[in-house]
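Letter by letter, the chains look like this.
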Amino acid sequence: MSIRVGITDGNREFFERFHAAMNEQYSEEIEVYLFPTLSKALKAVDRFRVRVVLLEPEGLSSSDLPTKGLPKTAYFARLADRKQDEKDWQNRPEQDGGDPFGDIPVLCRFRSVAEWHDLIVREASALPGFVDKAVEKGTPGGVKPGKKTECRVVLFTSAAGGTGTSTAARAFAECCRRHNRRVLFLDLQTFPDDSADPADGLYTLEDVVLSIRGRRYAPDAVLERTLKFDEEGLVTIPPPKNPAVLFDLSGEEIVTVLDLIKESRKCTIIVLDLGFDATERIVLPFLSADYTVLVSNGTRIANRKTGKLLDVLPGMCAGDPIELYEKTCLMYNRFRRGTSEVLQSELPVKLGGMGELSVTDPEDLVAELAVAPAMERLYERLTKQGG
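Residues numbered from 1 in each chain as written. Predicted model: local features only at pLDDT ≥ 70, side-chain atom pairs only at ≥ 80, totals over all residues. Heavy atoms only, no water.

Orientation of helix 2 (residues 38-48) relative to helix 9 (residues 251-264), taken along the N-to-C sense of each, is 10°, at an axis distance of 12 Å. By the angle class used here, helix 2 and helix 9 are roughly parallel. Packed against helix 2, whose contacting residues are Lys43, Arg47 and Phe48, the element helix 9 presents Glu252, Val255, Thr256 and Asp259 at the interface. In terms of residue class, the contact of helix 2 with helix 9 is made up of 2 nonpolar, 1 polar and 4 charged. (Axes fitted to C-alpha atoms, helices over the stretch in contact; angles between N-to-C directions. Helix = DSSP H or I, 4+ residues; strand = E, 2+ residues; numbered from the N terminus. Parallel < 35°, antiparallel > 145°, perpendicular 65-115°, else oblique. Contact = heavy atoms within 4.5 Å. Nonpolar A, V, L, I, M, F, W, Y, C, P; charged D, E, K, R; others polar.)

Have a look at this one:
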């Protein structure tokens, strides 16, 4: 498992050189990520096991420091432009507590790639509880986002409403089921008419979220009582009784729910339907998904919005060292025509249109789309990658 290194925003030139050097010489050992603030980096330390955090002085605020101090599960250091600053910190007198950053080591950024590698490995290996393997099974959040696991996540989203994203997501879940795959369809965008029947004794998504936030009950045990199996074998989670729960979900909580589902071993594919909105909550689910399908209906206005989404996401993901576009597909729904630059782009892989179908019943439409060429091509791409 690679050692994850985070760098806070402030000096893009240094990050790009550092990332390029590590990726070229030590890609199997070290992963480098860029975070806009210290608080974002702290979340990654807790959630994604970032082991080393290099802090840029620009934009560093004491208000971002936790009241209990920095976590001991990661090594933190401040970057400096002079070797003398590093020596001054090493030879500093005892601190009187006036400087909130006084106990954080100072490192000069100008050292060789090999020196950086040795320092990172040494400091990460010295951390308490550092083990060069995945987190023990059963620990919520133990599955590494974006890495190969037995369960794959396919995220459906769109920058425009009414493009058929939910219909396409449900159809792809049906397509996978027809290939005898165990599929869980997680709808975080629409509100089904039928909620959970109390007689079934099932919890809802709301109960899972509350168990994660409150830590009063084991989230995995709560999840076990939410899973609903239909006659065809498709697994779903009953929607919350309070629709506001869907809007309050953060990106971290969504990924935690996905990890819990993976660890339950109840499915091999998770089809996630999540809308793109003005918040950043889609970023972590986007990064953790094995594939992301951007859906457009083929009209120019929807294509422009999807184009904006493609422009915004890399920036929101801070340059994304996980290479967003490699796992992104673009599907334009129901219409074969579409001449915008987005549909002609070579960055995403176009799945093509599914044809304009005159099926009025939603369930019949889902059944038709499940065997459409675009769905089959998406399934083939997924299985060719070992999923």
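We are not done yet, so read on.
The next subject is the sheet that holds strand 4 (residues 75-80). Here 5 strands make up an open sheet; going across it, the order is 2-1-3-4-5 and the pairing parallel. Since the sheet does not close on itself, it has two edges, and those belong to strand 2 (30-35) and strand 5 (106-108), each with one partner. Across the sheet, the mean angle separating the axes of adjacent strands is 30° when strand polarity is ignored. Sheet strands in contact with helix 3 (residues 83-90) are strand 4 and strand 5, and its direction is about 155° off that of strand 5. (Pairing = 2+ DSSP bridges.)

On to the packing of helix 1 (residues 12-25) against helix 4 (residues 113-125), then. Between helix 1 and helix 4, whose axes approach to 11 Å, the crossing angle comes to 80°. It follows from the interaxial angle that helix 1 and helix 4 lie roughly perpendicular. On helix 4, the residues touching Phe14, Phe18, Ala21, Met22 and Gln25 of helix 1 are Val113, Trp116, His117 and Ile120. Looking at the contact of helix 1 with helix 4, its residues break down into 7 nonpolar, 2 polar and no charged.

Moving on: the sheet that holds strand 12 (residues 328-332). Sheet architecture is open: 8 strands sit in the order 8-9-7-10-6-11-12-13, paired in mixed fashion. Every interior strand has two partners, whereas the edge strands, strand 8 (228-229) and strand 13 (349-350), have only one. When strand 6 (residues 152-157) meets strand 10 (residues 269-273), the two strands line up parallel, connected through 5 bridges. Opposite valine 154, over in strand 10, you have valine 271 as the bridge partner. Where helix 14 (residues 373-384) meets the sheet, its contacts fall on strand 6, strand 10, strand 11 (291-296), strand 12 and strand 13, and the angle it forms with strand 12 comes to roughly 175°.

Residues Val52 and Leu54 line one face of strand 3 (residues 52-55) and the alternating positions Val53 and Leu55 line the opposite face, and both faces are buried. Here strand 1 (residues 3-8) pairs with strand 3 via 3 bridges, running parallel. Note that in strand 3 the partner of glycine 6 across the bridge is valine 53. Here 4 bridges tie strand 3 to strand 4, and the two strands are oriented parallel to one another. Among the inter-strand pairings, valine 53 is bridged to a residue of strand 4, identified as phenylalanine 76. (Buried < 20%, exposed > 50% of the residue type's maximum accessible area, 1.4 Å probe, protein only.)

Functional significance is not addressed by these values, which are geometric in nature.
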